[in-house]
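Examining the three-dimensional arrangement
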Amino acid sequence: MLRLVLILGAVFTAMVAWRFGRVTAIGFGAGAFISYLSFRSLNKAVHALAARVVESQQPERGFSLVNGFFLRYLLAGIVAYVIFTSSSQAFRGFLFGLCTPVGAMLAEAAFEAYSALRRGY
């Protein structure tokens, strides 16, 4: 899934550069990269939380999980503010780039449905 986010980000950035120009593509690429970092951070946090629930002998690390969520949104907010103040085209590209994981999830769901139908489920 993470690899698919990177692949879709690269492909869509090239398509945006061809259709809307370099400035919008830079914003889209930044949004796709931030969404990749955010998705990876969320993935690690969920795995850490699941491990803590399963293995109750681990020390409490709730503060680090909360910090991870906070830092993720703080980073996205700072980048969005910088892009917003520099160019409206880049900001629009950034907002669409943040939606890259949605495309990856749709592609993953289509692949899983195809696999299930192929196996006869």
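Scroll up a little and you will see the structure.
Attention in this report is confined to the structure presented alongside it. Note that this is a predicted model, so its numbers are computed, not measured. (Residues numbered from 1 in each chain as written. Predicted model: local features only at pLDDT ≥ 70, side-chain atom pairs only at ≥ 80, totals over all residues. Heavy atoms only, no water.)

Scanning the chain from terminus to terminus reveals five helices and zero strands. Taken from N to C terminus, the helices and strands of the chain fall in the order α-α-α-α-α. Structurally, the chain occupies a C-alpha span of about 55 × 45 × 15 Å along its principal axes. For the chain, the proportion of its 121 residues judged to be buried stands at 25%. (Helix = DSSP H or I, 4+ residues; strand = E, 2+ residues; numbered from the N terminus. Buried < 20%, exposed > 50% of the residue type's maximum accessible area, 1.4 Å probe, protein only.)

What follows concerns helix H4 (residues 88-97). Residues of H4 that are buried include every one of Ala-90, Gly-93, Phe-94 and Gly-97, and no others. One side of H4 holds all its buried residues, which, seen down the axis, span an arc of 105°. Between the side-chain oxygen at the start of H4 and the backbone nitrogen of Gln-89 there is a gap of 3.3 Å, and the oxygen is on Ser-87. (Arc of directions from axis to C-beta. Polar contact = N/O pair within 3.5 Å; in protein donor to acceptor, adjacent residues only side chain to side chain.)

Where helix H1 (residues 2-20) contacts helix H5 (residues 100-119), the two axes come as close as 9 Å, and the packing angle between them is 120°. Taken as axis vectors, H1 and H5 run oblique relative to one another. Helix-helix and strand crossings are classified by hand; for H1 and H5 the assignment is right-handed. Between H1 and H5, the contacting residues are Leu-4, Val-5, Leu-8 and Gly-9 on the first element and Thr-100, Pro-101, Gly-103, Ala-104, Ala-107 and Glu-108 on the second. Its residues placed into classes, the contact of H1 with H5 shows six nonpolar, three polar and one charged. (Axes fitted to C-alpha atoms, helices over the stretch in contact; angles between N-to-C directions. Parallel < 35°, antiparallel > 145°, perpendicular 65-115°, else oblique. Left-handed = near helix turned anticlockwise from the far one by under 90°. Contact = heavy atoms within 4.5 Å. Nonpolar A, V, L, I, M, F, W, Y, C, P; charged D, E, K, R; others polar.)

What follows covers a nonpolar patch on the surface. Residues Phe-70, Leu-71, Leu-74, Ile-78, Tyr-81 and Val-82 make up a contiguous nonpolar surface patch of about 640 Å² in total accessible area. Within the secondary structure, Leu-74 sits in helix H3 (residues 62-86). (Patch = residues over 30% accessible without salt bridge, like charges linked within 9 Å, V, L, I, M, F, W, Y side chains within 5 Å. Areas by Shrake-Rupley, 256 points an atom, 1.4 Å probe, with all protein chains shown as cover. Salt bridge = Lys/Arg side-chain N within 4 Å of Asp/Glu carboxyl O.)

What follows is about the packing of aromatic side chains. For the structure shown, the criterion picks out one aromatic pair. Between the aromatic rings of Phe-84 and Phe-91, the centroid separation amounts to 4.9 Å while the plane-to-plane angle is 70°, which identifies the pairing as edge-to-face. Judged by its relative accessible area of 53%, Phe-84 falls in the exposed class. In this structure, Arg-19 packs its charged tip against the face of Phe-20, placed 5.1 Å from the ring centre. (Phe/Tyr/Trp six-rings, centres within 6.5 Å; stacked < 30°, edge-to-face > 60°. Lys NZ or Arg CZ within 6 Å of the ring centre and 35° of its normal.)

On their own, these measurements won't tell you what the molecule is for.
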